[in-house]
Amino acid sequence: MPGGRLSHQDRLEIAAGLADGLGYAEIARQLRRPTSTVSREVARNGGPRGYRADHAHHATASRARRRRPTATVDVVRPVEPRQAYVERFAAMMVDGGLPRMASRVLALLYTSDSRTLTAADLVRALKVSPASISKAIGYLERVGMVHREPDPMRRLQHYVIADDVWLKAWEVSARTNHNWAETAAEGVELLGRDSPAGVRLLQMAEFFERLGEDMSGGAGFQDCLAVLAVLWQDDRAPDVARQLGWPVERVVDAATYALKASGQDGSEQAAGQAAVREA
């Protein structure tokens with residue numbers, strides 16, 4: 001068959017054709033084979049004058065045996081629990097919108113026993129190219145989730161997770177929602193609120209605007225912080241604690257957070273601490 005291996009009978013016909021003085025093309029037509037197949041067969045096995053069918057057949061079989069790799073049994077190695085966890089951790093971040101390779105790098109950095117890892121460490125652990133690591137690190141640096149520290153002894157860069165990495169991730173997500181809302185709003189102005197496209201874009205802008213407000217706490221949340229800050233300033237922590245059935249310390253912690261978030265200078269904290277002692 002064209003394209004298949006030459007049989008012993010094929011080689012006998014090649015030898016007969018050569019003995020009759022036929023050219024390679026004519027022998028190939030009789031065998032219904034490409035001319036190149038016949039020419040290579042003859043060249044490998046003694047040439048036009050020294051070609052012998054039996055010898056060629058056995059020599060080809062011998063070469064095939066030498067090339068055949070030794071049969072090995074594939075051993076399925078169990079995935080280590082730590083490695084499986086890292087990949088599951090990364091998959092969760094991918095579902096949250098982080099690029100896949102950046103997620104794998106961040107998951108490895110976060111679960112490593114070492115405080116820092118070099119690019120070579122990441123390449124070996126993740127079994128990817130240096131270019132993939134470089135691209136992922138570049139992204140994580142741009143969003144502030146990872147920073148680099150030079151090695152004073154060698155010309156290496158060590159990569160470290162930012163202390164507030166999850167706050168950075170939240171901020172990235174919040175910025176993304178804000179950008180969606182702004183871009184959709186621009187489309188509304190361009191295409192008109194009454195156009196079909198404008199209506200769709202307006203719905204999109206309103207959705208991402210609400211989502212962004214929810215992530216930042218929204219106006220209602222800021223109002224709650226302001227009220228709590230006032231209560232703290234008026235030294236009412238013990239009363240609030242009794243009404244809520246909370247320990248005073250819990251109210252103090254909440255009020256301290258409110259002061260910081262509402263931009264207070266924190267000078268009222270001393271009064272709060274005194275209230276805790278009195279309670």
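Report follows, based on the coordinates. The model shown is predicted, which means the values in this text are computed figures rather than measured ones.

Quick notes on the sheet that holds strand E2 (residues 146-150)
Spatial ordering of the open sheet is given by E1-E3-E2, a layout of three strands whose pairing is antiparallel. A strand with exactly one partner marks an edge of an open sheet, and here the two such strands are strand E1 (117-118) and E2. Both E1 and strand E3 (residues 157-161) contribute to a ladder of two bridges, which runs antiparallel. Opposite leucine 117, over in E3, you have tyrosine 159 as the bridge partner. Against the sheet, helix H7 (residues 100-111) touches E1, E2 and E3, its axis set at about 85 degrees to E3.

Details of the packing of aromatic side chains
Summed over all chains, the structure comprises four aromatic pairs. Note on tyrosine 85 and phenylalanine 89: the rings are 5.8 Å apart at their centroids and 40 degrees apart in plane angle, and the pair reads as tilted. Of the two residues, tyrosine 85 and phenylalanine 89 both sit in helix H6 (residues 81-95), four residues apart, roughly one turn of that helix. On the accessibility criterion, tyrosine 85 (41% relative accessible area) is partly exposed. Plain terms: the ring middles of phenylalanine 207 and phenylalanine 208 are 5.1 Å apart, the flat faces sit at 80 degrees to each other, and that makes the pair edge-to-face. Classification of phenylalanine 207 as partly exposed rests on a relative accessible area of 42%. Put simply, the rings of Tyr85, Phe89 and Tyr110 touch in pairs and so form one group of aromatic residues.

Regarding a negative patch on the surface
A grouping of Glu206, Glu209, Glu213 and Asp214 is seen on the molecular surface, where their side chains present a negatively charged patch. You can see aspartate 214 is positioned in helix H11 (residues 196-216).

Some thoughts on the pairing of E3
Two faces belong to every sheet, and in a regular strand the side chains alternate between them. In terms of residue burial, E3 counts as a mostly covered element, since four of its five residues are buried. Sheet analysis places E2 next to E3, joined by five bridges and oriented antiparallel. Each bridged residue has a counterpart across the sheet, and for glutamate 149 the counterpart in E3 is histidine 158.

A closer look at the nonpolar core
Grouped together as the largest cluster of nonpolar side chains are 26 residues, with contacts concentrated most on Val105, Leu106 and Leu122. Broken down by secondary-structure element, the contributors of at least two residues to this core are H6, H7, helix H8 (119-126), helix H9 (130-142), E3 and helix H10 (165-191). Considering every element that reaches this core, the biggest residue donor is H7, with six residues. Formed by 10 residues, the second largest nonpolar core is a distinct cluster that contains Leu6, Ile14, Leu31 and Ala56.

Notes on the side chain of arginine 104
In this structure, arginine 104 sits in helix H7. Here arginine 104 falls in the buried class, since its relative accessible area comes to 12%. At 3.0 Å, the side chain of arginine 104 forms a polar contact with the side chain of glutamate 87. A polar atom in the side chain of arginine 104 sits 3.5 Å from the backbone oxygen of leucine 126. With near-sequence residues (within four places) excluded, arginine 104 lies in contact with Glu87, Ala90, Leu126 and Val128.

So, the packing of H7 against H8
Two elements in contact, H7 and H8, have axes separated by 11 Å at closest approach and are oriented at 105 degrees. When the axes of H7 and H8 are compared, the pair comes out roughly perpendicular. Residues Met101, Arg104, Val105 and Leu108 of H7 lie in contact with H8, whose contacting residues are Leu122, Ala125 and Leu126. Of the residues that constitute the contact of H7 with H8, the class distribution is six nonpolar, no polar and one charged.

Thresholds, definitions, all that
Residues numbered from 1 in each chain as written. Predicted model: local features only at pLDDT ≥ 70, side-chain atom pairs only at ≥ 80, totals over all residues. Heavy atoms only, no water. Pairing = 2+ DSSP bridges. Helix = DSSP H or I, 4+ residues; strand = E, 2+ residues; numbered from the N terminus. Contact = heavy atoms within 4.5 Å. Axes fitted to C-alpha atoms, helices over the stretch in contact; angles between N-to-C directions. Phe/Tyr/Trp six-rings, centres within 6.5 Å; stacked < 30°, edge-to-face > 60°. Buried < 20%, exposed > 50% of the residue type's maximum accessible area, 1.4 Å probe, protein only. Patch = residues over 30% accessible without salt bridge, like charges linked within 9 Å, V, L, I, M, F, W, Y side chains within 5 Å. Areas by Shrake-Rupley, 256 points an atom, 1.4 Å probe, with all protein chains shown as cover. Salt bridge = Lys/Arg side-chain N within 4 Å of Asp/Glu carboxyl O. Lys, Arg positive; Asp, Glu negative; His and termini not counted. Charge placed at Lys NZ, Arg CZ, Asp CG, Glu CD. Core = buried A, V, L, I, M, F, W, Y, C linked by side-chain atoms within 4.5 Å. Polar contact = N/O pair within 3.5 Å; in protein donor to acceptor, adjacent residues only side chain to side chain. Parallel < 35°, antiparallel > 145°, perpendicular 65-115°, else oblique. Nonpolar A, V, L, I, M, F, W, Y, C, P; charged D, E, K, R; others polar.

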